[in-house]
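A closer look at the structure
Take a look at the letters that make up each chain.
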Amino acid sequence: MTGRLYGDLAGWWPAISPPSEYAEEAALYVETIRSAATAPVHRVLKLGSGGGNNASHMKHAFAMTLVEPADGMRELSRALNPECEHLPGDMRTVRLGRLFDAVFVHDAVMYMTAEEDLRAALATVAAHLAPGGVALVAPDATTETFSETTEHGGGEDANGRRARYLEWRLPPEPGETSFETHYALLLREPDGTVRSAHDVHREGLFGRETWLGLFREVGIAARSSRPGPSRAASTTPLSRPASPRRPVSATRLDEKAFRI
Ligand SMILES: C[S@@+](CC[C@H](N)C(=O)[O-])C[C@H]1O[C@@H](n2cnc3c(N)ncnc32)[C@H](O)[C@@H]1O
């Protein structure tokens, strides 16, 4: 369940979560991908690319293909990032029939609420990764890092619409692999009219061993790394196993990609 935020409220996304706020973490992701790679990275696939906020920074480093199922979010991203390729698709099932130097999945992976969904999403990553390519998957939390939190934020878009939100992440029920995040939104039109909205999202939560086991199952050698410095709560940079055509040095990956 991804709620109204990416549906009837999608037009408010740039006011709720302005692209400028993503510069620091996008730079971290560029550096992580580059330092894990054994060859220059040109083509990058992002699954669940949303409004294209990360891409608006990462596109200066890579040629990006952006896959996003929600029409409203994809159109926002297309307007923000006209130089990127945009395609519809669900990260569990999409098959583009081509390979990329790197595949990146950011917070959208949190919408994988069952293990079979997460396995399917990681199989999609593997299916699009060139031999020796780099996969970077950055969930907001794993079971080990999750805590009940509230956050607030918001901004203003180019049309003068302003938004403020409160995000309340509730703990999962015992034995569950998912939890609820509630959003309280205040949306202010340029004429001063303010309305409120309450949106509830169901997100997935898996332990580090489950993550690493699923990566192994789909044929990707993985390590977990420390949380990033800003919005990202945890990152998991990964690499496809070495192939005879373009080998990857495990030692190099340990030293440079995975800052454990
Ligand atoms: C928080 S937004 C992503 C924002 C993005 N990180 C950015 O830089 O703008 C989460 C996105 O995940 C997408 N999403 C949800 N379920 C998905 C799925 N099964 N496959 C791909 N994307 C999905 C939603 O449509 C939404 O646009």
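So, how was this worked out
Residues numbered from 1 in each chain as written. Predicted model: local features only at pLDDT ≥ 70, side-chain atom pairs only at ≥ 80, totals over all residues. Helix = DSSP H or I, 4+ residues; strand = E, 2+ residues; numbered from the N terminus. Buried ≥ 20, exposed ≤ 12 C-beta atoms within 10 Å, placed from the backbone. Contact = placed C-beta atoms within 7 Å. Pairing = 2+ DSSP bridges. Right-handed = clockwise from strand over helix to strand, strands pointing away. Axes fitted to C-alpha atoms, helices over the stretch in contact; angles between N-to-C directions. Parallel < 35°, antiparallel > 145°, perpendicular 65-115°, else oblique. Left-handed = near helix turned anticlockwise from the far one by under 90°. Expected span 1.5 Å × (residues − 1). Arc of directions from axis to C-beta. Core = buried A, V, L, I, M, F, W, Y, C linked by C-beta atoms within 7 Å.

**Side note on the overall build of the protein**
Secondary structure assignment for the protein yields 7 helices and 11 strands. Taking all 260 residues of the protein together, 41% fall into the buried category. Nonlocal contacts in the protein, meaning residues at least 24 apart in sequence, comprise 66% of its contacts between residues at least 6 apart.

**Some words on the pairing of strand E4 (residues 100-105)**
With 6 of 6 residues buried, E4 lies mostly within the body of the structure. Here strand E1 (residues 43-47) runs beside E4; their pairing, made up of 4 bridges, is parallel. The residue of E4 that forms the bridge with Lys46 is Phe104. Two strands pair when backbone bridges link them, and E4 and strand E5 (residues 129-137) are joined in this way by 5 bridges, in the parallel orientation. Within the sheet, the bridge partner assigned to Val105 lies in E5 and is Val137. In this fold, the crossover linking E4 to E5 by way of helix H5 (residues 115-127) has right-handed handedness.

**With respect to the environment of Val44**
For Val44, the position within the fold is in strand E1. Excluding its chain neighbours within four sequence positions, the residues that come into contact with Val44 are Phe62, Met64, Phe100, Asp101, Ala102 and Phe104.

**Points about the pairing of strand E9 (residues 194-204)**
Here strand E8 (residues 178-188) pairs with E9 via 11 bridges, running antiparallel. The partner of Phe179 across the bridge, within E9, is Glu203. Once E8 ends, the chain turns through 5 residues before running back antiparallel as E9, passing Gly192 with a positive phi of about 95°.

**Brief notes about the environment of Arg208**
Among the secondary structure elements, Arg208 is positioned in helix H6 (residues 208-218). Arg208 sits 65 residues away from Thr143 along the chain, and the two C-alpha atoms are 7.2 Å apart. When sequence neighbours within four positions are dropped, the list of residues in contact with Arg208 reads Thr142, Glu144 and Ser224.

**Considerations on the packing of H5 against H6**
Contact geometry of H5 with H6 gives a least axis separation of 9 Å together with a crossing angle of 45°. Taken as axis vectors, H5 and H6 run oblique relative to one another. Like other packed secondary-structure pairs, H5 and H6 cross with a definite hand, here right-handed. Only Thr210, Leu214, Phe215, Glu217 and Val218 of H6 make contact with H5, whose side of the interface consists of Glu115, Leu118, Arg119, Leu122, Ala123 and Ala126.

**Focus on helix H2 (residues 23-36)**
Between its terminal C-alpha atoms H2 stretches 20 Å, which fits the 20 Å expected from 14 residues at 1.5 Å a residue. Turning to H2, its buried residues are Glu25, Ala26, Tyr29, Val30, Thr32, Ile33 and Ala36. Within H2, the buried residues cover an arc of 165° as seen down the axis, which keeps them to one side.

**Re helix H4 (residues 71-80)**
For H4, the complete set of buried residues consists of Met73, Arg74, Leu76 and Ser77. Taken end-on, H4 shows its buried residues confined to a sector of 160°, consistent with a single buried face. Along H4, exposed side chains directed more than 90 degrees from the buried face belong to Asp71 and Ala79. Contacts from the buried residues of H4 go to helix H1 (13-16), helix H3 (55-58), strand E2 (63-67) and strand E3 (85-87).

**Thoughts on the nonpolar core**
With 48 residues, the main nonpolar core has Ile33, Ala102, Val103, Val105 and Leu136 as its most contacted residues. Put simply, the parts of the chain that give this core at least two residues each are H2, E1, H3, E2, E4, H5, E5 and H6. In this structure, Leu5, Ile16, Leu76 and Ala163 belong to the second largest nonpolar core, which totals 13 residues.

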